[in-house]
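# Results of the structural survey
Single-letter residue listing:
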Amino acid sequence: VLRCLGIPTRVITNFNSAHDKNLNLSVDKYIDMSGNTLNLSEDSVWNFHVWNESWFVRRDLGSFYDGWQVLDATPQEKSKGIYQCGPASTRAIKEGDVNLDYDSPFVFAAVNADCVTWIRYSKKRKERIYSNTRKIGKFISTKAVGTNSRVDVTANYKYPEVKEISFKIPYSQYKNSLIDDKKILVTAV
């Protein structure tokens, strides 16, 4: 319908799509002390989920959020009392602006949630034992114009995952590199 109105629109597919039912920006799994799964969370990870993007000017949010907006024609959750999702700015999703209206936290979680496993010792005590920050939001894609090729639009939704590199250098070597005014990037792991 939006294309008929002259509004640029495309279909988006998100692989490993999080369904964050409680909007805490994570997909939580609970186990007991024996390792048995407890059904305490309605969160889930879907193999894929599909939605639309349309190109809008966002006078309501400011020009920073102009551009592609997520619209989900098959929302699984109520938003403001009715089944709807969007328009959520992809720029807001990428920047982590989850306090905006139009379901930004839900879409952010769909592409960027952490998968967290908890041991539940009692109703009041739980402990996080595992967290995967890279599982969700893979190969976010659309179809290329004029061909059947896939276009990866993941960079529109999230920054690249940082690869952890562990290395050791003697402190004296690091200190000397600073004295020599050489640029060196050191990341604490």
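Attention here is on the structure that accompanies the text. (Residues numbered from 1 in each chain as written. Predicted model: local features only at pLDDT ≥ 70, side-chain atom pairs only at ≥ 80, totals over all residues. Heavy atoms only, no water.)

## Concerning empty space enclosed by the protein
Inspection of every chain in the model, using the stated rule, returns 2 cavities of 30 Å³ or more. Volume-wise, the largest cavity comes out at about 70 Å³. Counting only elements with at least two residues in the lining of the largest cavity, the list comes to strand S1 (9-19), strand S4 (44-56) and helix H2 (104-112). Counting residues per element, the lining of the largest cavity draws most heavily on S1, which supplies 3 residues. (1 Å grid on protein atoms, 1.4 Å probe; cavity = no way out; pocket = protein on both sides within 12 Å on 5 of 7 lines; lining within 4 Å. Points joined across faces, edges and corners; volume = space filled by probe spheres on them. Helix = DSSP H or I, 4+ residues; strand = E, 2+ residues; numbered from the N terminus.)

## Remarks on the sheet that holds strand S5 (residues 67-71)
The strand order S8-S5-S4-S1-S11-S12 describes an open sheet built from 6 strands, whose pairing is antiparallel. Looking at strand neighbours, the two that pair on one side only are strand S8 (88-89) and strand S12 (150-152), the edges of this open sheet. As judged from the 10 bridges shared by S1 and S4, these two strands associate in the antiparallel manner. By the bridge assignment for S4, alanine 18 is matched with valine 45. Relative to the sheet, H2 contacts S1, S4, S5, S8 and strand S11 (138-143), its axis offset from that of S1 by approximately 70 degrees. (Pairing = 2+ DSSP bridges. Contact = heavy atoms within 4.5 Å. Axes fitted to C-alpha atoms, helices over the stretch in contact; angles between N-to-C directions.)

In short, the description is geometric, and any link to function would need to be established separately.
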